[in-house]
Amino acid sequence: MPAITVPDLTVLPRIAVGPGVERGVRSVTSAPSGFEGEGFPVRRAFAGVDLADLDPFIHMDQMGEVEYAPGEPKGTPWHPHRGFETVTYILDGIFDHHDSHGGGGTITDGDTQWMTAGSGLLHIEAPPEHLVVSGGRFHGIQLWVNLPRADKWAKPAYQDLRGGDVGLLTSEDGGALVRLIAGDVAGHTGPGRTHTPISLVHATVSPGARLQLPWRRDFNALVYVLAGQGSVGSSRRPVRKGQLVVLGQGDHIRVDAATSQPLAEPDLDVLVLGGLPIREPIAWAGPFVMNTRAEVIQAFEDFQAGKLGSIPAVHGAPTTLTEG
């Protein structure tokens, strides 16, 4: 995983963990595989988990990990969104983004695109043309973060977060690289600006090492395994690649990497995420996440009437619209 790394973890600030309760494991689920957009493979990380346990998150895909042959890289066609934010984090490969409000750019290893759909827009995500020609490796995450009722009609916005901008920390034992993308952990703050209070961390834990993260007691807590194997929580629940752990209440999160890792995955890589639950009604259909069914119907009508924006004249970009 070539997301941003540091050759010497000992130079990084260490995460101090004070007294408190380790969060226990409430559930472990395995992400089923599927396809998204024009056919790129995904793992549905939140499948089978109650939305109340995910709040304020809605949906997360692990995109790839896949090695494309020349001509194979795929993305999504133009499509609408309203009522939430998308967070696209690239671990390996290159992705382009364009939207109808002028946001966009290219992200690669360790970069993040944070799009606030708010009142609504159209956007497209696709590999750049040179990657389609050459083929190559692709691996990333897309997370959907709900917006509270007061922000669902906010003006669309876009944040381009470079890998070098994330907060870099290490664990108390110096065996884990912690990339803080958004939120606050142990007095350190990530670059992502959020409407809904959340924390988002990508951690690489060396074999036999332990990661302990102080975590706001009023936040929920989720751990998703991107690669490797280990254990999570006060019960040391075994976990492996493609599994999501929902944790209970407490003051800090514990993740231990197994001393023996798969040959192709030398470390335990996890996403740790959590936020302040919004606790509002959710009406969700396809690309729209609102509070009522009537608002979802209105979103579809507004999209069909062209009120969510028009496709900009982006050189080489497909111009086919889809409602998915």
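Residues numbered from 1 in each chain as written. Predicted model: local features only at pLDDT ≥ 70, side-chain atom pairs only at ≥ 80, totals over all residues. Heavy atoms only, no water.

Trainee: I'm lost on the side chain of Thr112 in this one. Help?
Mentor: Along the chain, Thr112 falls in strand β9 (residues 112-116). Overall, the relative accessible area of 1% leaves Thr112 in the buried class. The contact partners of Thr112, leaving out residues within four places of it in the chain, are Val87, Thr88, Tyr89, Ile107, Gln159, Asp160, Leu161 and Ile181. (Helix = DSSP H or I, 4+ residues; strand = E, 2+ residues; numbered from the N terminus. Buried < 20%, exposed > 50% of the residue type's maximum accessible area, 1.4 Å probe, protein only. Contact = heavy atoms within 4.5 Å.)

Trainee: How should the pairing of strand β7 (residues 95-99) be read in this particular structure?
Mentor: Moving residue by residue along a regular strand, the side chains alternate between the two faces of the sheet. With four of five residues buried, β7 lies mostly within the body of the structure. Pairing between β7 and strand β8 (residues 104-107): four bridges, direction antiparallel. Note that in β8 the partner of Asp96 across the bridge is Thr106. The hairpin turn running from β7 into β8, its antiparallel successor, is four residues long, and Gly102 in that turn takes a positive phi close to 90°. Summarising the sheet, β7 and strand β10 (residues 121-126) pair through four bridges and their orientation is antiparallel. (Pairing = 2+ DSSP bridges.)

Trainee: Looking at this model, I keep getting lost on the side chain of Asp99. Mind explaining?
Mentor: Looking at the element boundaries, Asp99 is found in strand β7. Buried and unpaired, Asp99 has no salt bridge, with Lys155 as the nearest side chain of opposite charge at 11 Å. In this structure the side chain of Asp99 is engaged in a polar contact, spanning 2.8 Å, whose partner is the backbone nitrogen of His101. Within polar-contact distance, the side chain of Asp99 engages the backbone nitrogen of Gly102 at 3.1 Å. (Lys, Arg positive; Asp, Glu negative; His and termini not counted. Salt bridge = Lys/Arg side-chain N within 4 Å of Asp/Glu carboxyl O. Polar contact = N/O pair within 3.5 Å; in protein donor to acceptor, adjacent residues only side chain to side chain.)

Trainee: For this particular structure, what's the right way to read the environment of Ile124?
Mentor: Within the element layout of this structure, Ile124 appears in strand β10. Here Ile124 falls in the buried class, since its relative accessible area comes to 3%.

Trainee: Quick question: what am I supposed to make of the packing of aromatic side chains here?
Mentor: The geometry of an aromatic ring pair comes down to the distance between the two centres and the angle between the two planes. For the coordinates displayed, the defined rule picks out four aromatic pairs. With a centroid separation of 4.8 Å and an interplanar angle of 90°, the aromatic rings of Phe288 and Phe300 are classed as edge-to-face. On the criterion of sequence distance, the pair formed by Phe288 in strand β26 (residues 288-290) and Phe300 in helix α3 (residues 293-304) is long-range, its members being twelve residues apart. Its relative accessible area of 22% is what places Phe300 among the partly exposed residues. Counting every residue linked through ring pairs, the aromatic cluster contains Phe84, Trp144 and Trp284. (Phe/Tyr/Trp six-rings, centres within 6.5 Å; stacked < 30°, edge-to-face > 60°.)

Trainee: Would you mind showing me how to read the environment of Gly230 here?
Mentor: By the element assignment, Gly230 lies in strand β20 (residues 229-232). A relative accessible area of 14% places Gly230 in the buried class. Separated by 142 residues in sequence, Gly230 and Thr88 place their C-alpha atoms 25 Å apart. Setting aside anything within four residues of it in sequence, one finds Gly230 in contact with Arg237, Pro238, Val239, Asp256, Ala257, Ala258 and Leu268.

Trainee: What am I meant to see in the sheet that holds strand β18 (residues 210-214) here?
Mentor: Taking strand neighbours across the sheet as the criterion, the four strands line up as β18-β23-β20-β21 in an open arrangement whose pairing is antiparallel. The sheet is open, and its two edges are formed by β18 and β21 (237-240), each paired on a single side. Adjacent strand axes in the sheet meet at a mean angle of 25°, parallel and antiparallel pairs treated alike. Relative to strand β23 (residues 252-257), β18 runs antiparallel, the two being bridged by five bridges. The residue bridging Gln212 from the neighbouring strand is Arg254, located in β23. (Axes fitted to C-alpha atoms, helices over the stretch in contact; angles between N-to-C directions.)

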